[in-house]
Amino acid sequence: MEINCANLRLDAPRRSVISHSHSTPSGGTTPIPGWYGSEPIEGQVEDPYSAFKHLRETQPVNLTPEGNWRLTRYADINRVLRSSDAGMRLNNGLLPGQDEQVPGGGLFMLLQDPPTHTRLRKLVSKAFTPRAIEAWRPRAEAITHKLLDRVAPTGKMDLVSDLARPVPATLICELLGVPPEDQEDFTQWTADATHGLLTIRGIGDDETAAKVEAAGASLIGYFNSLIESRRKNLGDDLLSVLISAEEEGDKLDPLELLSQSVGLLIAGFETTIGLIGNGLTTLIRHPDELAKLRAHPELAESAVEECLRYSGPIVASVRVTHKALTFDDYVIPADNEVIAVLASANRDPEVFEDPERFDITRYTKGKDTAAHLSFGGGAHFCLGAHLARLETQIAIRTLVERFDDLKLENETTEWGRSLFRVPGSVPITFADKPTRPKSA
Ligand code: HEM
């Protein structure tokens, strides 16, 4: 089971290439293929943003030496994400890179175009309404406090293993109704299965592939028994809502239900770890902004939006053109892959004032800042956005309210093995406040 959120790991900028296009006999122009300082590399780099800036300024409609197109301007990316002339599948209905339909494969909504996508999304969104997610706020707060209680006496913690990972992992288990005694195994299978995303770009080795397969099988087996027992005893958990979701007499069939359940789990796991981990790292690196948040905890909402814009975990999304699409003078033919570099759109100076500045008040009311594209846009806009925001707002706010003197132990980030921009470990030290909010 895979989700098709591709990411680009980019190298430091190289020297600028001066000539960017040549004319074709038909009168249109074709860009001269090149990486323009932004080559995909394995593993994450500390600052991919200056390479994106260079690409955006030199060849914003980029043809790579591999024959893919990359877009880096906000307006172009917003357009392609919202266009019905681009989607997830080729015109022959197959996913790019597949020669034939894999039986039962690719059923997750993110791999679908309308009408299948519309139908699956309608059914699954019943479990993800803002109201349904908001009801989990007290649990998210209690989980966060409990995690911080554990590390408070020691004065040090790893932001990833002590907070960014267990918050979404525990909450998703509770949302799905996974009993406490199974949560550790369930989370390990999720982590291992998520490494399947690495294989999209051919990064994973044989050992990873074997682990992914075993973890996928364990998750599927576990979900099957969970679904079976839940069918007999429906509750108000997410899985029960998915089982009973009905729209005009339509329901998810068993394989669709399984695919959406596993897909959701994978879509929400590393991404949320990345947002909490990168967000807190960025805040600690900007002491003035951290001080603002301490003084005004109600800024947590705006701060999380700024963390998404400034250091979001998903660098790029991929689309396939259904028809020829024109950007500037360049025509991207039908059935071509387009990589929408979300992280570049989020720092486009045409849209964001002083885009390289991390400013946690940017998204406060009345400022009329453009939406960032870290949750995508259009038909596939992240269905878990409410949940990810809730978890991250609580994690960041609670940590800042409870602990003073946050200090990173390492200057550079130790990146995790992920298709996304997700830290593997962020050790910090802190001073526990003498008076602090009581643990729930
Ligand atoms: C910070 C955390 C997250 C980020 C940055 C994020 C980002 C994204 C992005 C960019 C997309 C669109 C991909 C594309 O258009 O190609 C997406 C789709 C999706 N995400 Fe998230 N996501 C996050 C957390 C979650 C969570 C917690 C869940 C659920 C538990 C989730 C479920 C989904 C689903 C189901 C889709 C597919 C929607 C569709 O195809 O209609 N995500 N996410």
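It should be noted that the structure appears before, not after, this text.
Notes on the structure in this doc start here.

Each value, and the rule that gives it
Numbering of residues begins from 1 in every chain and follows the order in which that chain's sequence is written. It should be noted that, the model being predicted, local features are given only for residues of pLDDT at least 70 and side-chain atom pairs only at 80 or more, the latter also being counted only at that level, while totals for whole chains, interfaces and linings use all residues. Here, any two strands with at least 2 DSSP bridges between them count as paired. Where helices and strands are cited, they refer to DSSP runs of H or I of at least four residues and of E of at least two residues respectively, numbered from the N terminus. All axes here are fitted lines through C-alpha atoms, helices being fitted over the stretch that makes contact, and every angle between N-to-C directions spans 0 to 180 degrees. Near, as applied to residues and a molecule or strand, means the residue's backbone-placed C-beta atom lies within 6 Å of it. We call a set of buried Ala, Val, Leu, Ile, Met, Phe, Trp, Tyr and Cys residues a nonpolar core when their C-beta atoms link them within 7 Å. Each residue is classified by how many other C-beta atoms fall within 10 Å of its C-beta atom, where C-beta atoms are placed from the backbone; a count of 20 or more means buried, 12 or fewer means exposed, and values in between mean partly exposed. We call two residues in contact when their backbone-placed C-beta atoms lie within 7 Å.

The next subject is the sheet that holds strand β6 (residues 156–158). The antiparallel open sheet is built from three strands, whose spatial order is β6-β14-β11. A strand with exactly one partner marks an edge of an open sheet, and here the two such strands are β6 and β11 (403–408). Taking each pair of neighbouring strands and ignoring which way they run, the sheet shows an average axis angle of 30°. Sheet analysis places β6 next to strand β14 (residues 427–432), joined by three bridges and oriented antiparallel. Bridging across to β14, lysine 156 finds its partner in threonine 429.

In the vicinity of the ligand, 23 residues are found, and the nearest of them are Gly268, Ser317, Gly376, Cys382 and Gly384. Looking at the shell around the ligand, the elements that each hand over two or more residues are α11 (254–285) and α15 (385–402). For the shell around the ligand, the element with the most residues is α11, which contributes six residues.

Ile77, Leu163, Ala340, Val341 and Leu342 are the most contacted members of the largest nonpolar core, which has 105 residues in total. No other element matches the 13 residues that α11 contributes to this core. Each residue touching leucine 342, except ones within four places of it in the same chain, is listed here: Ile77, Gly312, Ile314, Val315, Ala316, Ser317, Leu373 and Ser374.

A separate point is the sheet that holds strand β5 (residues 86–87). Taken in spatial order, the five strands of this open sheet run β3-β4-β10-β7-β5, and their pairing is mixed. At either end of the open sheet lies a strand with only one pairing partner, and these are β3 (61–63) and β5. For β5 and strand β7 (residues 317–321), the ladder comprises two bridges, and the chain directions are antiparallel. Bridge pairing in β7 links glycine 87 to valine 320. Relative to strand β10 (residues 337–340), helix α2 (residues 74–82) is tilted by about 125°, and along the sheet it contacts β3, β4 (69–71), β5, β7 and β10.

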